[in-house]
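# Coordinates in review
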Amino acid sequence: MTDISSSDETPPSSDTAPGKDAALDAAPDAAIAEKAAQENVLVQPMRDTHFDFQHKVFSLPGAFFCQDPNSKDPVLNMLLGDLKVALAFPTLMESFQIEDGTHDARLLEVIEQGLAFVKQIRPGEEIPGELLDGRASWSVEDKHRIAAKGRLTMQIVSSFTGNEIIVSDQSQLEQLLDDPQTQEKMKAAFAKIAERLKLTNNPEQYLTDRIDDLAQELSYIEALRDRFRHIRRIEQAMGKLATIYRTDRTFCSELNRMQGLIRKPVREYDMIFDQADAQTGDIVGALRNFHPTIQFIRKIRDDLRAKLLEWEDLLRGWDDISMERSPKVEALQKQTYRFLASRYIETTVWKRGG
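Here's a quick rundown of the structure. All residue numbers here refer to positions counted from 1 along the written sequence of the relevant chain. Predicted model: local features are reported for residues with pLDDT of at least 70 only, side-chain atom pairs are reported and counted for 80 or more only, and whole-chain, interface and lining totals are derived from all residues. By convention in this description, side-chain values take in all heavy atoms of the structure and omit both hydrogens and water.

### Some points on the nonpolar core
- By nonpolar core we mean a set of buried residues, namely Ala, Val, Leu, Ile, Met, Phe, Trp, Tyr and Cys, connected to one another through side-chain atoms within 4.5 Å. Any residue under 20% of the maximum accessible area for its type is buried, any over 50% is exposed, and the rest in between are partly exposed; the area is computed with a 1.4 Å probe on protein chains only. If you look at the biggest cluster of nonpolar residues, it comprises 60 residues, and the most contacted ones within it are Ile156, Ile193, Tyr269, Ile283, Trp311 and Leu340.
- Secondary structure elements are taken from DSSP: a helix is a run of H or I of four residues or more, a strand is a run of E of two residues or more, and numbering for both begins at the N terminus. Elements supplying a minimum of two residues to this core: α6 (142-161), α8 (180-197), α9 (203-244), α10 (249-278), α11 (283-288), α12 (290-319) and α13 (327-344).
- Considering every element that reaches this core, the biggest residue donor is α9, with 15 residues.
- Any pair of residues with heavy atoms lying within 4.5 Å of one another is described as a contacting pair. If sequence neighbours within four positions are ignored, Tyr269 has contacts with Phe228, Ile231, Leu304, Lys307, Trp311 and Tyr344.
- In terms of nonpolar packing, the next biggest core, distinct from the first, is built from 24 residues, Ala63, Phe65, Leu92 and Phe117 among them.

This is the structure:
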């Protein structure tokens, strides 16, 4: 991430700048105030955690940043009278004399990075946590926290009992977590982990806190896993549509190609989730290298989140569609085909000669 100018920097003392006090005394207060107004200098201090732009263009009505739907380049959207305008950053900087290296220019760089995690950013909003301290800028539901804690608990118990326990049903998972037998097994597992990690000072509380922290990070993976299941549902919906449109040869031919294309991202995402799960496969190793483990989980989280944002509009369309012949289904099918073909179609580059 590009550094943002800090408001904590202390300017040089007037004692080290001879003649500076005299120059300031000579400047009339009215002239200083007029010059500040002309240059649109903000009175309040800048905050390194927010998109506090200085130029007045960023305070125009309706101003917000997003990615251009076609080029995916970041743009500033705003209203000029009745006209909606979207300015690419090079045009924005040139038109409003925003110089490279200035505070606003550096914030535009952060905007470009931040749009990988959120779809829109408005001037004055907080910089996404992913770019500040690694925390997620979006929230998860309780069911995802329970799923993460349950998956981790079962993994710990399994690793020390030798019997692998896999539970996916939410209600069964909650019951297992509250089961006194599970809690006893966790205590026994904690004792063995503490011994291997050579923990002596209140090891059970230490491990409980660490597991809770790890489960919180993994809850974002569970939320993404939940949402990515909808991509698999699109694949299943294609099979249903092939039956509904079986007399339409053109439609079914395109569906067949789409089914081939969507298998690639499904396999890719399954592999990424397997990588995330593998981080806690060796729970002792994960706890021994706790901070690198957290960083790796967050990297996977951020990569998956960025990929999911590309799919989000499409997923909403398929979530709301009825499986029947209709112009809406046919329009969504064409939109999906364009989306898949632009990202996952394989091309071969032919070269002449050896």
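### A short note on the packing of α12 against α13
- Fitted lines through C-alpha atoms serve as axes, helices being fitted only where they are in contact, and the angles separating the N-to-C directions of these axes extend from 0 to 180 degrees. Here α12 crosses α13 at 155 degrees, and the two axes come no closer than 11 Å. One element, α12, and the other, α13, form an angle in the roughly antiparallel class. Pair α12 / α13 crosses with left-handed handedness. Note on element contacts: α13 touches α12 through Leu332, Gln335, Thr336, Phe339, Leu340, Arg343 and Tyr344, opposite Glu310, Trp311, Leu314, Gly317 and Trp318.
- In this count, Pro and Cys sit with the nonpolar residues alongside Ala, Val, Leu, Ile, Met, Phe, Trp and Tyr, while Asp, Glu, Lys and Arg are called charged and the others, Gly among them, polar. The residue makeup of the contact of α12 with α13, split by class, is seven nonpolar, three polar and two charged. By definition in this entry, angles of less than 35 degrees are roughly parallel, angles greater than 145 are roughly antiparallel, angles of 65 to 115 are roughly perpendicular, and the rest are oblique. Put simply, a crossing is left-handed when the front helix is turned counterclockwise from the back one by less than a right angle, and right-handed when it is turned clockwise.

### What to know about the packing of α8 against α9
- As a packed pair, α8 and α9 sit with axes 10 Å apart at the nearest point and diverge in direction by 100 degrees. By the angle class used here, α8 and α9 are roughly perpendicular. Where α8 approaches α9, its residues Lys187, Phe190, Ile193, Ala194 and Leu197 are matched on the opposing element by Pro203, Glu204, Leu207, Thr208 and Ile211.
- Grouping the amino acids of the contact of α8 with α9 by side-chain chemistry returns seven nonpolar, one polar and two charged.

### Some thoughts on α6
- The end-to-end C-alpha distance of α6 is 28 Å, a good match for the 28 Å that 20 residues give at a rise of 1.5 Å each.
- Of all the residues in α6, the buried ones are His144, Ala147, Ala148, Gly150, Leu152, Thr153, Met154, Ile156, Val157, Ser158 and Phe160. The span you would expect from a helix comes to 1.5 Å times its residue count less one.

### What to know about the packing of aromatic side chains
- When two rings of Phe, Tyr or Trp (its six-membered ring) have centres within 6.5 Å they constitute a pair, described as stacked for plane angles under 30 degrees, edge-to-face for angles over 60, and tilted for the intermediate range. Within the structure shown, the criterion is met by eleven aromatic pairs.
- The interplanar angle of 25 degrees and the centroid separation of 4.0 Å between the aromatic rings of Phe53 and Phe58 together place this pair among those described as stacked.
- Residues Trp138 and Tyr220 carry aromatic rings whose centres are separated by 5.0 Å and whose planes lie at 85 degrees to one another, so their mutual orientation is edge-to-face. One end of the pair, Trp138, is in the loop between α5 (129-132) and α6; the other, Tyr220, is in helix α9, with 82 residues separating them in the sequence. Across this residue pair, the class does not change: Trp138 and Tyr220 are buried.
- What links up through ring pairs into an aromatic cluster is the set Phe51, Phe53, Phe58, Phe65 and Phe89.
- Put simply, a charge is over a ring when the Lys NZ or the Arg CZ is close to the ring centre, within 6 Å, and near the line of the ring normal, within 35 degrees. The ring of Phe290 carries the charged tip of Arg210 above its face, separated from the ring centre by 4.1 Å.

### Here we look at the side chain of Ser158
- Along the chain, the position of Ser158 falls in helix α6.
- Looking at Ser158, its side chain comes within polar contact range of the main-chain oxygen of Met154, at 2.7 Å. In protein, a polar contact means a hydrogen-donor-capable atom and an acceptor-capable atom, both N or O and within 3.5 Å, with residues adjacent in sequence counting only if both atoms are side-chain atoms; elsewhere, any N or O pair within 3.5 Å suffices.

### With respect to the side chain of Thr153
- Position of Thr153 among the secondary structure elements: in helix α6.
- Setting aside residues no more than four positions away along its own chain, Thr153 makes contact with Leu177, Thr182 and Met186.

### Things to note about α12
- With 30 residues, α12 extends only 38 Å from end C-alpha to end C-alpha; this falls clearly short of the ideal 44 Å at 1.5 Å per step.
- Most pronounced at Trp311, the bend in α12 amounts to some 50 degrees. To obtain the bend at a residue, axes are fitted to the seven residues ending there and to the seven starting there, and the angle between these axes is taken.

### Some details on the sheet that holds strand β2 (residues 74-80)
- Read from one edge of the open sheet, three strands run β1-β2-β3, paired in antiparallel fashion. What marks the edges here is a single partner per strand, and that holds for β1 (64-67) and β3 (83-88). With strand direction ignored, the average angle separating the axes of adjacent strands in the sheet is 35 degrees.
- Being paired, for any two strands, means DSSP has found at least two bridges between them. In this structure, β2 lies alongside β3, joined through six bridges in antiparallel fashion. The partner of Val75 across the bridge, within β3, is Ala88.

### A closer look at the pairing of β1
- In terms of strand pairing, β1 meets β2 through four bridges, oriented antiparallel. Bridge pairing in β2 links Phe64 to Asn77.
- Where β1 hands over to β2, the hairpin turn is made up of six residues, of which Lys72 adopts a positive phi near 70 degrees.

### A look at the pattern of salt bridges
- Basic side-chain nitrogens of Lys or Arg form a salt bridge, by our definition, when they fall within 4 Å of a carboxyl oxygen of Asp or Glu. Summed over the entire model, instances satisfying the criterion amount to 21 salt bridges.
- For Arg316, the salt bridge goes to Asp313, with nearest N and O atoms at 2.5 Å. Of this pair, Arg316 and Asp313 both sit in helix α12, three residues apart, which is roughly one turn of the helix.
- Three or more residues joined by partner-sharing salt bridges are found here, namely Lys119, Arg227, Glu312, Asp313, Arg316 and Asp319.

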